[in-house]
Each structure stands twice: as C-alpha cells, then as structure tokens.
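# Notes for the structure review
The lines below spell out each chain.
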Amino acid sequence: MTAAEPAVLVEQDGAVAILTLNRPQTLNSFTRQMHHELWAALDQVEANPAIRALVLTGAGRAFCAGADLSEFDFAEGPDIMQRADPGPIIDQAFNPTTRRLTQVRVPTVCAVNGVAAGAGASVVMACDIAIAAPGASFIQAFSKIGLVPDSGGTWLLPQRVGLARAMALAFTGDKLAAADAKAMGMIWDVQDDALAAAKAMAQRLAAMPTKALVATRHLLRGAHTHSLDEQLDLERDVQSRLGFTHDYIEGVTAFLQKRPAQFKGE
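Cut-off values and rules
Residues numbered from 1 in each chain as written. Predicted model: local features only at pLDDT ≥ 70, side-chain atom pairs only at ≥ 80, totals over all residues. Heavy atoms only, no water. Axes fitted to C-alpha atoms, helices over the stretch in contact; angles between N-to-C directions. Helix = DSSP H or I, 4+ residues; strand = E, 2+ residues; numbered from the N terminus. Parallel < 35°, antiparallel > 145°, perpendicular 65-115°, else oblique. Left-handed = near helix turned anticlockwise from the far one by under 90°. Contact = heavy atoms within 4.5 Å. Nonpolar A, V, L, I, M, F, W, Y, C, P; charged D, E, K, R; others polar. Polar contact = N/O pair within 3.5 Å; in protein donor to acceptor, adjacent residues only side chain to side chain.

### Quick look at the packing of helix α1 (residues 32-47) against helix α3 (residues 87-103)
Where α1 meets α3, the axes come as close as 10 Å, and the angle between the chain directions of the two elements is 25°. It follows that α1 is roughly parallel to α3 by the angle criterion. Of the two elements, α1 crosses α3, and the hand of that crossing is left-handed. Between α1 and α3, the contacting residues are Arg32, His35, Leu38, Trp39, Leu42, Asp43 and Glu46 on the first element and Pro88, Ile89, Gln92, Ala93, Phe94, Pro96, Thr97, Arg100, Leu101 and Gln103 on the second. Split by residue class, the contact of α1 with α3 holds 9 nonpolar, 4 polar and 4 charged.

Laid out in structure tokens, this is it:
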C-alpha cells in the first residue's frame with residue numbers, strides 16, 4: 001500500500017458493497033485513520049439505497065490484528081501511564097466502529113481471510129454472519145498485554161460461544177482455528193474461498209426483505225438482556241411495524257399466488 005492508497009477500499013457489486021481493510025503490511029491493524037475511513041465507507045452504504053448488503057474483509061494474509069500499538073505513546077518518561085492509556089482510543093474509535101457495524105441498515109457478512117486478533121476478532125463478531133478461510137484463526141490477545149477484551153468482545157464472545165469457552169479463550173489468549181470457531185458457534189462457516197462465499201451470501205441477503213433482516217438482528221442480539229415477557233412484547237411491536245412495509249405485503253401476496261417474491265427492501 002502506498003502512502004496515497006486508502007486504508008479501506010470500497011467497491012460495489014450489484015446490491016452488495018465490499019469493504020476491504022487495506023493495511024496489509026501491518027496485518028490490517030487499526031489506526032485512527034482507518035476507523036475514520038471505515039466510518040466514511042459505512043456512510044456511503046447508508047446513503048445508497050441500491051446497496052442492500054455488505055461484505056467486510058481484509059487485504060493480504062490477515063483480516064485484522066486489532067489495534068496498531070505504534071499509535072500509543074510508550075516512550076519512557078513522565079506520565080507514561082497517562083500517555084499510553086488505551087481508554088481514549090477505545091472510546092473515540094473502537095467503540096464507535098462496533099456500534100456502527102451492529103447498527104448499519106443492511107445485513108453484514110464478514111469474510112475472514114486470515115488471523116483476526118484482539119479487536120479484530122470483535123469486529124468479526126460485530127458482523128451478522130462470518131465465513132472464514134480454512135487457514136483463518138481467532139485470538140483473544142488482550143490478556144497477553146494485561147488488558148481485557150474490548151470493542152464489544154466481553155459481550156459478543158460469550159453470546160457466541162458460551163461463558164465457559166469465552167472465559168478460557170479470553171484468559172489464555174490461545175489461537176482458535178477456523179474449524180474450531182465454527183464448531184463453537186463463533187462463525188457461520190468455513191470455505192476455501194471465504195470471500196466468494198461471503199459475496200454469495202451477501203447477494204442472497206440483498207434479495208431478501210432488508211428491514212425484516214435488520215429487525216431480526218436487533219431482536220436476536222438483545223434477546224439475552226430481556227425477559228421472555230419483554231421479548232414477546234418486542235416481537236409483537238416489530239411485527240406490527242413490519243406489517244406496514246412493502247416487503248411484507250409482497251411476501252404474503254407472492255406466497256398466496258405461488259410465485260417468487262420480489263422484495264425491494266422497503
């Protein structure tokens with residue numbers, strides 16, 4: 001990557017946006033600039049009604065190695081603890097990125113092309129569906145530097161793999177192979193060509209009722225924080241709201257007429 005080349009590449013394939021983390025020489029570790037470029041790319045997705053799904057992947061041999069520690073000031077001298085404090089960059093960069101990915105208006109598919117370490121693993125789990133290459137791996141690297149999982153890791157990891165596995169993965173920082181990540185439920189699938197499989201999945205989702213998919217994401221991700229009674233009420237309210245969409249009427253009409261539905265994401 002040259003100095004002028006963007007840290008996040010954006011392309012569009014029909015109704016699918018493909019965002020590529022593009023700092024391969026640093027294993028796509030996040031700088032503040034890369035966060036800002038990712039947000040700008042997500043802004044493009046939000047603003048383009050023709051886009052109805054997105055794929056997130058990485059350039060080179062890694063998906064994302066988490067934070068670029070070269071942006072932290074570890075120089076010896078006064079106030080080193082204040083200068084090296086990870087709190088501000090988490091608050092100003094990593095947390096907004098996780099929020100943006102979990103709230104974007106279209107379904108998200110992550111193509112994990114290589115290692116996803118630290119916050120990189122959290123970014124994978126912030127996407128709706130993840131498909132990994134056979135050689136990809138996942139590392140909760142935080143304990144190795146005296147920190148805790150961040151970017152939503154302590155919320156996302158136990159939700160995906162359960163508390164016992166999350167605890168051991170976070171404590172040890174051991175590398176988790178793609179096949180094991182699938183077996184544990186961290187990711188959806190392992191495919192030889194993860195990017196092609198992710199694009200195919202995104203194209204499939206792009207032809208579906210977008211608002212219903214995103215509402216499903218919201219209900220599923222928040223379900224463990226609600227009682228059954230609360231969740232029943234939420235389901236009722238969301239169903240009622242979706243009942244006023246084009247895609248609901250089209251879906252039922254197509255079913256009754258025994259023809260394929262033509263969803264518009266509206």
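### A word on the packing of helix α9 (residues 210-222) against helix α10 (residues 228-242)
The interhelical angle for the contact between α9 and α10, taken along N-to-C directions, is 170°, at an axis separation of 11 Å. Classified by the angle between their axes, α9 and α10 sit roughly antiparallel to one another. Here α9 and α10 pass one another in a crossing that is right-handed. Contact with α9, carried on its side by Lys211, Ala212, Ala215 and Leu219, involves Gln231, Leu234, Glu235, Val238 and Leu242 of α10 and no other residues of that element. When its residues are assigned to classes, the contact of α9 with α10 shows 6 nonpolar, 1 polar and 2 charged.

### Observations regarding the side chain of Asn22
Within the fold, Asn22 resides in the loop between β2 (16-21) and α1. In terms of polar contacts, Asn22 uses its side chain to reach the side chain of Glu5, at 3.2 Å.

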